[in-house]
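Okay, here's what each chain looks like letter by letter:
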Amino acid sequence: MKILLILALIFGVVLGQDRPKIALVLSGGGARGGAHVGVLKVLEENKIPVDIIVGTSMGSFVGGLYASGRSADDIEQMLVSSDWKNYIRTDFDRADTPMRVKEVEYIYQGRLGLGIDSKNSIVLPTGVLKRQPLLLKFMAETQHAQNIIDFDDLAIPFRAVATNIANGDPVVLKSGSLAKAIYASSSIPGGLQPINIDGIDLVDGGVSDNLPVQLAKDMGADIIIAVDVSENFDEKIDVNSYFVVLGQMVNILMRKNANESILKLSDKDILLTPDLTDFSGLDADKYASIIQKGADVTRNAYDSKLKHLSISNADYEEYKKKYRVLKEFSAPIIDAIEIDNPTYISNESILRRIKIKVGDRLDENVLRANLMHIYNMTIFDSVEYTLKKVEGKNILVITTTPSWNNHGEMRFAIGVEDDFKGHSSYSLKAGYTMFGLNSYGGEWKNDIEIGRRQRAYTEIFQPLDTMQRYYLRPSLVYDNVIEFVPYGSGTVELETKRYGTSLGIGAHVTTDYEFEVGAGAFKDSLEVSIVSGSYAKYQARPIYASFLVDNLDNLNFPNTGLKSMLKWTKEMKELGSDYEHEKIYFDIEKPITFNSHNITTYLQFGTTYNNNNDKSTLNLNDKFILGGLFNMSAYKPYSIVGNHMALGVVKYRYQLKDGGFFGTLDAPLYTGFSLEIGDAWDDGIHRNINDLKKSVSVYVAADTFLGPFYLAYASSEDGENSFYLYLGEKF
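Residues numbered from 1 in each chain as written. Predicted model: local features only at pLDDT ≥ 70, side-chain atom pairs only at ≥ 80, totals over all residues. Heavy atoms only, no water.

**Student:** Tell me about the overall build of the protein chain, residues and numbers included.
**Tutor:** Each helix and strand counted, the protein chain has 14 helices and 32 strands in total. Within the protein chain, buried positions represent 52% of all 731 residues. The contacts of the protein chain with a sequence gap of at least 6 include a subset with a gap of at least 24, amounting to 64%. Accessible area for the protein chain stands at about 32,800 Å²; split by element, carbon and sulfur atoms hold 56% of it. (Helix = DSSP H or I, 4+ residues; strand = E, 2+ residues; numbered from the N terminus. Buried < 20%, exposed > 50% of the residue type's maximum accessible area, 1.4 Å probe, protein only. Contact = heavy atoms within 4.5 Å. Areas by Shrake-Rupley, 256 points an atom, 1.4 Å probe, with all protein chains shown as cover.)

**Student:** Requested: an account of the nonpolar core, with residues and values cited.
**Tutor:** By size, the foremost hydrophobic cluster in this structure holds 93 residues, and its most contacted members are L79 and I225. Take this core: its biggest share by element is 7 residues, from helix α11 (residues 287-306). If you count residues domain by domain, this core takes at least three from each of domain 1 (20-91 + 129-324) and domain 2 (333-402). In this structure, I52, V54, L215 and L265 belong to the second largest nonpolar core, which totals 15 residues. (Core = buried A, V, L, I, M, F, W, Y, C linked by side-chain atoms within 4.5 Å. Domains from an automatic or database assignment.)

**Student:** Help me get a handle on the UniProt feature "active site" (unreviewed entry) in the protein chain, residues and values and all.
**Tutor:** The UniProt feature table records "active site" (unreviewed entry) at S57 and D204. These residues run over 148 residues, yet every pair of their C-alpha atoms falls within 6.0 Å of each other. S57 has contacts with G28, S185, S186 and D204, leaving out every residue within four places of it along the chain. Considering the arrangement of structural elements, one finds D204 in strand β8 (residues 200-204). With residues up to four places along the chain from it excluded, the contact list for D204 reads T56, S57, A162, T163, A184, S185, S186, S187, I188, P189 and M254. (UniProt positions renumbered as here; feature names shortened; annotations may be inferred.)

**Student:** Please provide a residue-by-residue account of the pairing of strand β31 (residues 707-716), values included.
**Tutor:** Sheet topology places strand β30 (residues 693-704) next to β31; 10 bridges connect them, and they run antiparallel. By the bridge assignment, V700 is partnered in β31 with L711. The antiparallel hairpin formed by β30 and β31 contains 2 residues in its connecting segment. Strand direction decides the pairing type here: β31 and strand β32 (residues 721-727), joined by 7 bridges, are antiparallel. What sits directly across from Y713, in β32, is F723. The hairpin formed by β31 and β32 contains 4 residues between the paired strands, and G719 there has a positive phi angle of roughly 95°. (Pairing = 2+ DSSP bridges.)

Given below as structure tokens:
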């Protein structure tokens, strides 16, 4: 009898512990992985416990957050409210890049370029999309669990799957930084930059194991709930772009290995496949609908497949106490800051950009903003932080890795313009910039251009302090430009040449503002085509002061920000110049955007005063020139010339196609119109607003990797009209 009682007690204990261990297996699928959140919401509603979570790609993101203690509702709110274009992007945040970097765009408006690495080898970027913004986003979302190293110590034991790019093998991530594990599992090859963990370069786990069923079994799962959001590949694919090929390749790999994993599911396991036919992996703006699809498939499967997994209210409350605890991280007081920086920029330059100081309590929101600002200097591949404790002291470690083009870059640009009236121009440009001349960030910049303008230019840009606020900029230049200027009832071809040197001394107050003063010494020559042997030479000794503001988010198709320049130039015979005049130039550009609509206002004003030049000279040095697209569009390029100038432009554009996460690489399309009023005139001629010329244009445009593309038609009230086709830049 006693033996029977003991056996009964043992049997009861076994039964009490015999709730099956349930594993949730979440596949990758890009934004389609939002459906995992809907699945989790319904599991919570029906009190179905989860004991293990394994995930790949987006499945690792949702699964990792849930395993760390975040609720399904919390994850849903985060996915829906985040502006993912701020985190999944092809380029740096232009508004926050140094003015020096912005000014390169004025010359090279496309995205053609190569990098030079520290071995002086020509290299290409390892991914279209930047790592830093998305990794910092993952760090922000997992901030509460940053001190948990072993993923078994999370609220729910968790594993992420990535792929070793060297051999294609799956890599199971079970410890370390949760944020980095999620990023590694999600870094689509050819899209997002890989990440190195423990000496292995890792990319998206979907390439090797998109639905890691076997991993869940190896972790001791009794029952698996597998959620497959993999995209099906298109057997009738129209191969018309890099992104189509890349997407098809990834989808094939993911779909095939997911199908192999599905075959490993047993009869007691459950497979959920949400109906995501209308959604792609890039539909991050549709998370609300995608999440609902996950909830729908789970509710529909509850009675037939899931109901037996529900537990009682009391048991679920006990489960929540053990598995649904959000372990909060307590921000420490910082006792020391270390910089681990193998780049040419000095540690002091990095440290001075960190607003967290020794003795402060760590504010990670501030710190991450500081790191993004440092990253937007464009010389780092990543800027990360970790906390370590040594002899009871909290040490903040800032680690940088050099950019793929940390030693230099080669830039290329092409420009083509045609007004369909016999005037066409082209421009081909190439440039080489050597970075890291010293720890202050000195650069040696070289440009060459052929076409309508022939130009050779070299300069040294030398910051004078670690924050790069003050600088010297000596340069040498050769310019040869052909202009078609009004002469009588027609036009005349005027060729101007200039060569010489200049020195600029400036200050970058912030990344938005630049003030510069300088002087130049040039030799000018001018030749007129209709006058045989007409040739004149001049000495130019300009001095100047300029103030530039630029925080536009996009140079050619801006949505936010402002750009403005004020420049004063003076030529004096007392300084050895053959010219005698002063010029003031001012412009301002301000975009306003609402939904797909944009209105950009552009104002330009210039005047030449104290103008005592010999009127018989042929120089254009004291002139302003209008004509051409958005520069009094109805009038031919360079057809309006005078000592004084005023121009006002209001441009409207409507976005027909969004470039998505791939930005200009996927060519956003626009249509719109412009209203323009302006003129240029000489001394002795007075203009009021009623005397100014007026023009209107309509256009279609695209923001391409070669630069802006425009096809436009313009007309004026006095009968002038022009067609335009240009690509790459405005001349």
